[in-house]
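Coordinates in review
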Amino acid sequence: MQTDVIIIGTGISAKLTALYLSLHRFKVIVFTNQTIKQDTSNLVTFFSSGSIKFLSEILGEDKLIYSYENIKQLSCCQYDQIDKENFEFNFNNNKEDLLGKIIPNQKINECLDSLILSNINIHISTNERINDIKQYDNQIEVITKSSSSFSAKLLIMADGKNSMIKGYSDFQFITHDFEQIALSMTAKVDRKSKNIAYQYFTPNGPLALLPYSSSHSSIVWSLKKNSNILKLDENKLHKEISNIFGSVVNNFEITNLQRSNLTFSFAKKLSSGRIVIIGDTAHSIHPIAGQGLNLIIKDIVCLTKQLMKYKSLGYDLGDVTALNEYDKLRKSDNVAYSFGTLILDEVLSIENEYIRKFTNSLFKTFNQNKTLKNYFVNSATGYNYFKNL
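Thresholds applied
- Residue numbers here run from 1 along each chain, matching the order of that chain's written sequence.
- Local features are withheld for residues below a pLDDT of 70 in this predicted model, meaning they are given only at 70 or higher, and side-chain atom pairs are given and counted only at 80 or more; totals for whole chains, interfaces and linings count all residues.
- The basis for every side-chain value is the complete set of heavy atoms in the structure, and neither hydrogens nor water enter the calculation.
- Note on ring pairs: Phe, Tyr and Trp rings are taken, using the six-membered ring of Trp, and paired if centres are within 6.5 Å. Classes follow the plane angle, with under 30 degrees stacked, over 60 edge-to-face and the rest tilted.
- Working definition: helices are DSSP H or I runs of at least four residues, strands are E runs of at least two. Numbering for both runs from the N terminus.
- For the exposure calls, accessible area comes from a 1.4 Å probe over protein chains only, and a residue counts as buried if that area is under 20% of its type's maximum, exposed if over 50%, partly exposed in between.
- To get an axis, fit a line to the C-alpha atoms, keeping to the stretch in contact for a helix; angles then go from 0 to 180 degrees between the N-to-C directions.
- To sort the angles, those under 35 degrees are grouped as roughly parallel, those over 145 as roughly antiparallel, those from 65 to 115 as roughly perpendicular, and the leftovers as oblique.
- Crossings are assigned a handedness: left-handed for a near helix turned anticlockwise from the far helix by less than a right angle, right-handed for a clockwise turn.
- By definition, residues are in contact when any of their heavy atoms lie within 4.5 Å.
- Following the grouping adopted for this structure description, the nonpolar residues are Ala, Val, Leu, Ile, Met, Phe, Trp, Tyr, Cys and Pro, the charged ones are Asp, Glu, Lys and Arg, and the polar ones are all others, Gly among them.
- Whether two strands pair depends on DSSP finding at least two bridges between them.
- Classification remark: right-handed applies to a crossover when, strands pointing away from the viewer, the course from the first strand over the helix to the second runs clockwise.
- Only buried Ala, Val, Leu, Ile, Met, Phe, Trp, Tyr and Cys residues count toward a nonpolar core, and they belong to the same one when joined by side-chain atoms within 4.5 Å.
- How far a helix is expected to stretch is found by multiplying one less than its residue total by 1.5 Å.
- Our arc is simply the arc of the directions from the helix axis toward the C-beta atoms.
- Whenever two N or O atoms come within 3.5 Å, that pair is a polar contact, provided that in protein one can donate a hydrogen and the other can accept it, and provided that, for residues adjacent in sequence, both atoms are side-chain atoms.
- The predictor attaches a confidence to each residue, called pLDDT, with possible values from 0 through 100.
- Salt bridges, as used here, are contacts in which a Lys or Arg side-chain nitrogen is within 4 Å of a carboxyl oxygen on Asp or Glu.

**Quick word on the packing of aromatic side chains**
Summed over the entire model, instances satisfying the criterion amount to 8 aromatic pairs. When the ring of tyrosine 20 is compared with that of phenylalanine 54, the centres are 4.9 Å apart and the planes differ by 40°; the resulting orientation is tilted. Taken together, the residues span a long stretch of sequence, with tyrosine 20 in helix α1 (residues 12-23) and phenylalanine 54 in helix α2 (residues 49-59) at a distance of 34 residues. For tyrosine 20, a relative accessible area of 2% corresponds to the buried category. With relative accessibility at 0%, the residue phenylalanine 54 sits in the buried group.

**Quick word on the packing of helix α5 (residues 292-312) against helix α6 (residues 320-348)**
At their nearest, the axes of α5 and α6 sit 9 Å apart, and the two run at 160° to each other. Between α5 and α6, the angle falls in the class roughly antiparallel. In this structure, the crossing between α5 and α6 has a hand that is right-handed. When α5 is examined against α6, the residues Leu295, Lys298, Asp299, Cys302, Leu303, Gln306, Leu307, Lys309 and Tyr310 are found in contact with a partner set consisting of Thr321, Ala322, Leu323, Glu325, Tyr326, Leu329, Arg330, Asp333, Asn334, Tyr337 and Ser338. Classifying every residue of the contact of α5 with α6 gives 10 nonpolar, 4 polar and 6 charged.

**Description of the sheet that holds strand β4 (residues 70-71)**
Pairing is antiparallel across the open sheet formed by 3 strands, whose spatial order is β3-β7-β4. Looking along the sheet, the strands with just one partner apiece sit at the ends: β3 (44-48) and β4. Where β4 lies against strand β7 (residues 100-104), 2 bridges are found, and the strand directions are antiparallel. Following the sheet pairing, isoleucine 71 is matched in β7 by glycine 100. Of the strands in this sheet, β3 and β7 touch helix α3 (residues 105-117), which is tilted by about 85° from β7.

**Some words on α2**
Of all the 11 residues making up α2, 8 are buried; the element is thus mostly covered by neighbouring parts of the structure. Just past α2, the residue glycine 60 takes up positive phi, approximately 65°.

**Structural notes on the pairing of strand β2 (residues 28-31)**
What you see with β2 is no split at all: Val28 and Val30 on one side and Ile29 and Phe31 on the other are buried throughout. Pairing analysis gives 4 bridges linking strand β1 (residues 5-8) to β2, with the strands arranged parallel. In the strand pairing of β2, isoleucine 8 is matched with phenylalanine 31. After leaving β1, the chain enters α1 and then returns to the sheet as β2, a path that is right-handed. Sheet analysis places β2 next to strand β8 (residues 122-125), joined by 4 bridges and oriented parallel.

**Re the sheet that holds β8**
Hydrogen bonding along the main chain pairs the strands of a sheet, whether they run parallel or antiparallel. Strand order in the open sheet formed by 6 strands is β8-β2-β1-β12-β19-β18, and the pairing between neighbours is mixed. The sheet terminates laterally at β8 and β18 (271-272), the two strands that pair on one side only. Bridge analysis of β18 against strand β19 (residues 275-277) gives 2 bridges, and the strand direction is antiparallel. Each residue of the ladder has a partner; that of serine 271, found in β19, is valine 276.

**Focus: the nonpolar core**
As a rule of thumb, soluble globular proteins bury nonpolar side chains together. Ile6, Ile7, Leu16, Phe54, Leu155, Ile156 and Ile277 are the most contacted members of the largest nonpolar core, which totals 69 residues. The leading source of residues in this core is α5, at 8 residues. Tyr79, Tyr198, Ile219 and Ile244 belong to the second-largest nonpolar core, a separate cluster that totals 25 residues.

**Describing helix α4 (residues 234-245)**
Relative to the 16 Å expected for 12 residues at 1.5 Å per residue, α4 spans 16 Å between its end C-alpha atoms, a close match to the ideal helical length. Buried within α4 are the following residues: Leu237, Ile241, Ile244 and Phe245. Take α4 and look down its axis: the buried residues cluster within an arc of 85°, on one side only. Those residues of α4 that are exposed and aimed more than 90 degrees away from the buried face are Asn235, Lys236 and Lys239. As for α4, its buried residues are in contact with β13 (173-191), β14 (196-202), β15 (205-211), β16 (216-224) and β17 (249-267). One side-chain oxygen of the residue at the start of α4 lies 3.2 Å from the amide nitrogen of asparagine 235, identifying that residue as aspartate 233.

**Things to note about the confidence of the model for the protein**
When pLDDT is averaged along the protein, the result is 89; 94% of the residues meet or exceed 70. Per-element confidence in the protein ranges from a low mean pLDDT of 69 for strand β6 (residues 87-92) to a high of 97 for strand β12 (residues 154-157).

**A closer look at the pattern of salt bridges**
Under the criterion given, the structure shown has 11 salt bridges. A salt bridge links lysine 225 to aspartate 177; the shortest N-O distance between them is 3.9 Å. Of the two residues, lysine 225 is situated in the loop between β16 and α4 and aspartate 177 in strand β13; the sequence distance between them amounts to 48 residues. Judged by its relative accessible area of 36%, lysine 225 falls in the partly exposed class.

**Observations concerning the side chain of glutamate 69**
On the secondary structure map, glutamate 69 appears in the loop between α2 and β4. A polar atom in the side chain of glutamate 69 sits 2.5 Å from the backbone nitrogen of asparagine 195.

**Digging into the environment of glutamate 234**
Following the sequence through the fold, glutamate 234 ends up in helix α4. Judged by its relative accessible area of 43%, glutamate 234 is partly exposed. Along the chain, glutamate 234 and leucine 257 lie 23 residues apart, while their C-alpha atoms are 8.8 Å from each other.

**Examining unusual backbone geometry**
Despite not being glycine, glutamate 179 shows a phi value in the positive range, around 55°. The residue glutamate 179 is located in strand β13 in this model. Non-glycine residue asparagine 195 carries a positive phi angle of around 65°. Along the polypeptide, asparagine 195 turns up in the loop between β13 and β14. Judged by its relative accessible area of 26%, asparagine 195 falls in the partly exposed class.

This is the structure:
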């Protein structure tokens, strides 16, 4: 079977890539992840205001995104129960009506699945297992275990940070184990204020309150693997969180709790021959700033624009010129956020009293600089990147 683009992976990144390419009239074949994974995650995703524009373009008349709460402010705090002089600083919507929205991954997947199944430009290969991947001068071929052959001008790998592509190409990755476990909780929460997300930098690790409706929020606590918090039962964990969020929450009830290991992975390049990597395959970063999927969406938009540009100039769809330019265009943004969050987590994880006082003073300086704060908000929300969408 011949097509324009083959995508391997069925996570949110792969689905968004397939739908955005099909929106621009590319024919796509999607192979499901080659490792069996049951998706029962309680995770949520922060879509910046720029990413909301992107999502609106894909969803069209679907009202999914409008049903979730607008986040107009991010309130951050360097929190320490011993030091009562906890410093707070806020990020407000600057040039947009909102910073973004928080949406449960399960709901996103359900909506994207429905769109893909009804899309005539996307073919889903659900039962085929990949046996081999071969690159040629003018195309790439995926051969399945049933000896079926699928050919395309371009292969996009979006099957996660443990991607099978490592056995078929020369991609190199920088990896790091945060030595942390994320506690992800779904909770019914009675908040004192609406339209605000909270990020508290505690000595045990960053704790986030991420509201997505008037009654429900996600609570995510990234903890060191040796943290005593991980040993608490649910009642004691509830009490610990209540002590921290007491000034912003009246009461809450944890309805679902899951654990996951946090690791870092960053690809030194995004393309090799006719293969492009995207999503967590390309960069899997710390959730501390909520920028993971927003970076991926910028990648998807940039890649699609490059493919369209070079196709209009008569170039082959998988031409190395287009793919190298794509890699170059996305390099600085991906490096800044990937390694910026890595460094931020390392600095904020230091328990030394004097270093925490020093970082506190840096936060105060940052908070007083309106120009710098506005620049950060515009960058994080994708204002300049998505304004032409």
